[in-house]
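Each chain, written out:
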Amino acid sequence: MNARLLIGRFLILLGLIGGFISFWYTVSFTWNPEFQSVNLPDAPTHANYHAFRGAMLALGVNLLLVWVAFNAAKLTREGWSIVTFMTVFYYLGWWAAWPIWGLHAPNITAEMNHVLGTVGGLGGLIILRPSGTA
């Protein structure tokens, strides 16, 4: 196996560790009554619903990264571009809310998990980029 594939797959594995840990914590808010929007009298469980939606989107993107890792040697430009597009917006969800609204992960452990996921996922995608892809 060539070094590029090995390094790219290793980085994606790191991204998946961060992504699946984040998925688990996010999906756990689905059934957590303390995560409810108590000030929404018509829909106090709406925040739980959003946690579930976010977790399913996270699961989808992380499964796309699994697909990339398994198909790294024969990735097409189109497939790589679609996964990269989805992944960039997934990670923007982790990072863009901080400079815009001051929202961020609840603790340093979660922040470091997000760093692991972002660096691993995007780093792996960059390394596994099919030749001829800008």
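Preceding this section is the structure that the text describes.
The structure reproduced in this document is the subject of the present report. Counting of residues starts from 1 at the beginning of each chain's written sequence and follows it residue by residue. Note on the predicted model: pLDDT of at least 70 is required for a residue's local features to be given, and 80 or more for side-chain atom pairs to be given and counted; whole-chain, interface and lining totals, by contrast, use all residues. To obtain the side-chain values, all non-hydrogen atoms of the structure were used and water was disregarded.

### With respect to the environment of M56
Put simply, DSSP H or I for four residues or longer makes a helix, DSSP E for two residues or longer makes a strand, and each gets a number counted from the N terminus. Tracing the sequence through the fold places M56 in helix 2 (residues 46-70). Exposure categories follow from relative accessible area, calculated using a 1.4 Å probe and restricted to protein chains: below 20% of the type maximum is buried, above 50% is exposed, and the middle band is partly exposed. A relative accessible area of 33% places M56 in the partly exposed class. Along the chain, M56 and V66 lie ten residues apart, while their C-alpha atoms are 15 Å from each other.

### So, helix 3 (residues 77-95)
By definition here, a helix of n residues has an expected span of 1.5 Å times n minus one. Along its 19 residues, helix 3 runs 26 Å from first to last C-alpha, staying within 8% of the 27 Å computed at 1.5 Å per residue. The complete set of buried residues in helix 3 reads G79, W80, V83, T84, T87, Y90, Y91 and W94. On an axial view of helix 3, the arc spanned by its buried residues comes to 130°, and they lie on one face. Opposite the buried face of helix 3, at more than 90 degrees from it, the exposed residues are E78, F85, F89 and G93. In this analysis, two residues are considered to be in contact whenever any of their non-hydrogen atoms come within 4.5 Å of each other. Tucked into the core, helix 3 has its buried residues touching helix 1 (3-28), helix 2 and helix 5 (108-127). The directions considered for the arc run from the helix axis to the C-beta atoms.

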